[in-house]
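Single-letter residue listing:
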Amino acid sequence: MGVLAPPAASAAAGPDTVRQSLSALVRTDDLPAGLASVRDRAGHTRTYTAGVGDRATGAKVPRDGQVRIGSNTKAFTAVVVLQLVGEGRIGLDDKVDTHLPDLVRGEGIDGRHITVRQLLQQTSGLPNYSNYLGEEVRYFEPRELVDIALRHKADFAPGTQWKYSNTNYVLAGLIVEKVTGRPLAQEMDRRIIKHIGLRHTYFPAPGDATIREPHPKGYYRDSADAPLQDITEIDPSWGWAAGQLISTNSDLDRFYTALLSGRLLPAAQLAQMRTTVPAEETFGRDARYGLGLVSKPLPCGGLYWGHGGSFPGYETRGGATDDGRAANVAVTMQLNDQAARDRVDAVVNTALCR
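Thresholds applied
- Residues numbered from 1 in each chain as written.
- Predicted model: local features only at pLDDT ≥ 70, side-chain atom pairs only at ≥ 80, totals over all residues.
- Heavy atoms only, no water.
- Axes fitted to C-alpha atoms, helices over the stretch in contact; angles between N-to-C directions.
- Helix = DSSP H or I, 4+ residues; strand = E, 2+ residues; numbered from the N terminus.
- Parallel < 35°, antiparallel > 145°, perpendicular 65-115°, else oblique.
- Contact = heavy atoms within 4.5 Å.
- Nonpolar A, V, L, I, M, F, W, Y, C, P; charged D, E, K, R; others polar.
- pLDDT = per-residue confidence, 0-100.
- Salt bridge = Lys/Arg side-chain N within 4 Å of Asp/Glu carboxyl O.
- Buried < 20%, exposed > 50% of the residue type's maximum accessible area, 1.4 Å probe, protein only.
- Expected span 1.5 Å × (residues − 1).
- Phe/Tyr/Trp six-rings, centres within 6.5 Å; stacked < 30°, edge-to-face > 60°.
- Lys NZ or Arg CZ within 6 Å of the ring centre and 35° of its normal.
- Disulfide = S-S within 2.5 Å.
- Pairing = 2+ DSSP bridges.
- Core = buried A, V, L, I, M, F, W, Y, C linked by side-chain atoms within 4.5 Å.

Caption draft 1: Highlighting the packing of helix α2 (residues 72-86) against helix α7 (residues 184-193). In the contact formed by α2 and α7, the axes pass within 10 Å of each other and the chain directions differ by 80°. When the axis of α2 is compared with that of α7, the two are roughly perpendicular. On α7, the residues touching Thr 73, Phe 76, Thr 77, Val 79, Val 80, Gln 83 and Leu 84 of α2 are Leu 184, Glu 187, Met 188, Arg 191 and Ile 192. Split into classes, the residues belonging to the contact of α2 with α7 amount to 7 nonpolar, 3 polar and 2 charged.

Quick look at the structure:
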């Protein structure tokens, strides 16, 4: 089946479980706004909104507005790496030092013993630089992010455990740049964004703290009883290959559907991407992590593939099924506990199990 969906339509009048679930989510967690896009097997897309797009003005939530998609970026980075694997330019079992000689060294850390596959699967043991950034908001060079991580000892020996680390994907992005001789943003744009027609997805340029198209404001709260702060405009460079992209829910529907249908990767590389290990500690019960791709079971049977993302101001969850269904949900506040993230996942489940 094709993956280019027709223009998004407003949700039909009358009872709708997705609309009801999204509205309940916003009320339950006192979230400023929620947005969802749901694609059926035939390629028809519906979009939904709840709450307000701007707490200060009461402005409506832009339908299918742009948001910061955080770690969904990892799936894009992994696709570019795997395309290069399919072209014979990178080997999944290449050592990091093959492409970035002498860069990855630290206490218990040696790039001569870490593979590209371990980077993509989060089994390298590399410490997560974002645990050590503090509150400083500024532009970060990718190499600077790696250097921050390398000041800390390894979490475990490569290949012996699983633990989520943004450092893995910054290194994957640096490998892409080394192998292609071009910026990661250009490779993503050429190989994925333009190739499958993601019209509202882009990698912000250095120093760009804005969101280009209509979008709901993103908010931050220091504690449960603290006031909301508008954090929409922020330098996203600390996320880089691990979390810098801006997109919409409908574009994410299109991306994950195209990926699973084989439009982005040869069959061999897609099979590698879908080879998983347990990842419950980060993604919840029965979640498994492939190469930049997460699988989660559905209450109606089967599973879906996606990634999700958490970025100051926004939380995104969703993915697609092998039979062409897709759903992505965003809320306009970063969620800090698993129970709240599970409630967003429940809206995804509702959309995919209708």
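There's more to say after this.
Caption draft 2: Geometry of the confidence of the model for the chain. Of the residues in the chain, 96% reach a pLDDT of 70 or more, and the chain-wide mean stands at 94. Averaged over each element, pLDDT in the chain is lowest for strand β1 (residues 9-10) (40) and highest for α2 (99). Between residues 1-14, whose pLDDT stays under 50, and residues either more than four places distant or in other chains, the model counts 38 contacts.

Caption draft 3: A look at the pattern of salt bridges. Applying the stated criterion across every chain yields a total of 27 salt bridges. Residues Glu 87 and Arg 89 are paired through a salt bridge, measuring 3.4 Å at the closest nitrogen-oxygen approach. Relative accessible area serves as the criterion here: at 34%, Arg 89 is assigned to the partly exposed category. A salt bridge links Arg 317 to Asp 345; its shortest N-O distance comes to 3.9 Å. One end of the pair, Arg 317, is in strand β15 (residues 314-320); the other, Asp 345, is in helix α12 (residues 338-352), and 28 residues separate them in sequence.

Caption draft 4: A look at helix α9 (residues 249-260). Over its 12 residues, α9 runs 17 Å from end to end, which matches the ideal 16 Å to within 8%, given 1.5 Å per residue. The buried count for α9 comes to 12 of 12 residues, which makes it a mostly enclosed element. Taken residue by residue, α9 has Asn 249, Ser 250, Asp 251, Leu 252, Asp 253, Arg 254, Phe 255, Tyr 256, Thr 257, Ala 258, Leu 259 and Leu 260 as its buried positions. Positive phi shows up at Gly 262, right after α9, with a value of about 90°.

Caption draft 5: Representation of the packing of aromatic side chains in the model. For the coordinates displayed, the defined rule picks out 9 aromatic pairs. Seen in terms of ring centroids, Trp 162 and Tyr 164 are 6.4 Å apart; in terms of plane orientation they differ by 50°. Their pairing is tilted. Aromatic side chains Tyr 164 and Phe 283 sit 5.7 Å apart centroid to centroid with 75° between the ring planes, which places their arrangement in the edge-to-face category. Of this pair, Tyr 164 sits in the loop between α5 (142-150) and α6 (166-180) while Phe 283 sits in helix α11 (residues 280-283); the two residues are 119 residues apart in sequence, bridging distant segments of the chain. According to the relative accessible area criterion, Tyr 164 is buried, its value standing at 17%. Under the relative-accessibility criterion, Phe 283 is labelled buried at 7%. In this structure an aromatic cluster arises from ring pairing among Trp 162, Tyr 164, Phe 283 and Tyr 289. Over the face of the ring belonging to Phe 140 we find Arg 138, whose NZ or CZ atom lies 4.0 Å from the ring centre. Here the guanidinium or amino end of Arg 212 rests over the ring plane of Tyr 202, the centre of that ring lying 3.7 Å away.

Caption draft 6: View of the state of the cysteines. Here the structure, examined in full by the defined rule, presents 1 disulfide. Disulfide partner of Cys 300: Cys 353, at an S-S distance of 2.1 Å. Taking the torsion about the S-S bond as the criterion, the Cys 300 to Cys 353 disulfide, at about -75°, is left-handed. Separated by 53 residues along the polypeptide, Cys 300 in the loop between β12 (294-297) and β13 (303-306) and Cys 353 in the segment after α12 bring together distant segments of the chain. Its relative accessible area of 26% is what places Cys 353 among the partly exposed residues.

Caption draft 7: View of the pairing of strand β2 (residues 33-39). Summarising burial for β2: 7 of the 7 residues are buried, a large majority. Every second residue of β2 is oriented toward a common face, with Ala 33, Leu 35, Ser 37 and Arg 39 on one face and Gly 34, Ala 36 and Val 38 on the other, all of them buried. Pairing of β2 with strand β3 (residues 45-51) involves 7 bridges; the strand directions are antiparallel. Within β3, the residue paired with Leu 35 across the bridge is Thr 49. Counted along the chain from β2 to the antiparallel partner β3, the turn is 5 residues long, and its residue Gly 43 has a positive phi close to 90°. As defined by bridge partners, β2 adjoins strand β16 (residues 326-331) across 6 bridges and the pair is classed as antiparallel. Bridge pairing in β16 links Gly 34 to Val 331.

Caption draft 8: Focus on the nonpolar core. The biggest cluster of nonpolar side chains holds 85 residues, and the ones touching the most others in it are Phe 255 and Leu 259. No other element matches the 9 residues that α2 contributes to this core. Setting aside its immediate chain neighbours within four residues, Phe 255 contacts Ala 75, Phe 76, Val 79, Ile 192, Ile 196, Leu 198 and Leu 264. If you look at the next biggest cluster of nonpolar residues, it comprises 22 residues, including Leu 31, Val 38, Ala 327 and Val 331.

Caption draft 9: How the structure looks around unusual backbone geometry. Unusually for a residue other than glycine, Asp 30 sits at a positive phi of about 50°. Classification of Asp 30 as partly exposed rests on a relative accessible area of 40%. With a phi close to 65°, Asp 286 is a non-glycine residue in the positive phi region. If you trace the backbone, Asp 286 turns up in the loop between α11 and β11 (288-289). Among the residues examined, Asp 286 registers a relative accessible area of 41% and is labelled partly exposed.

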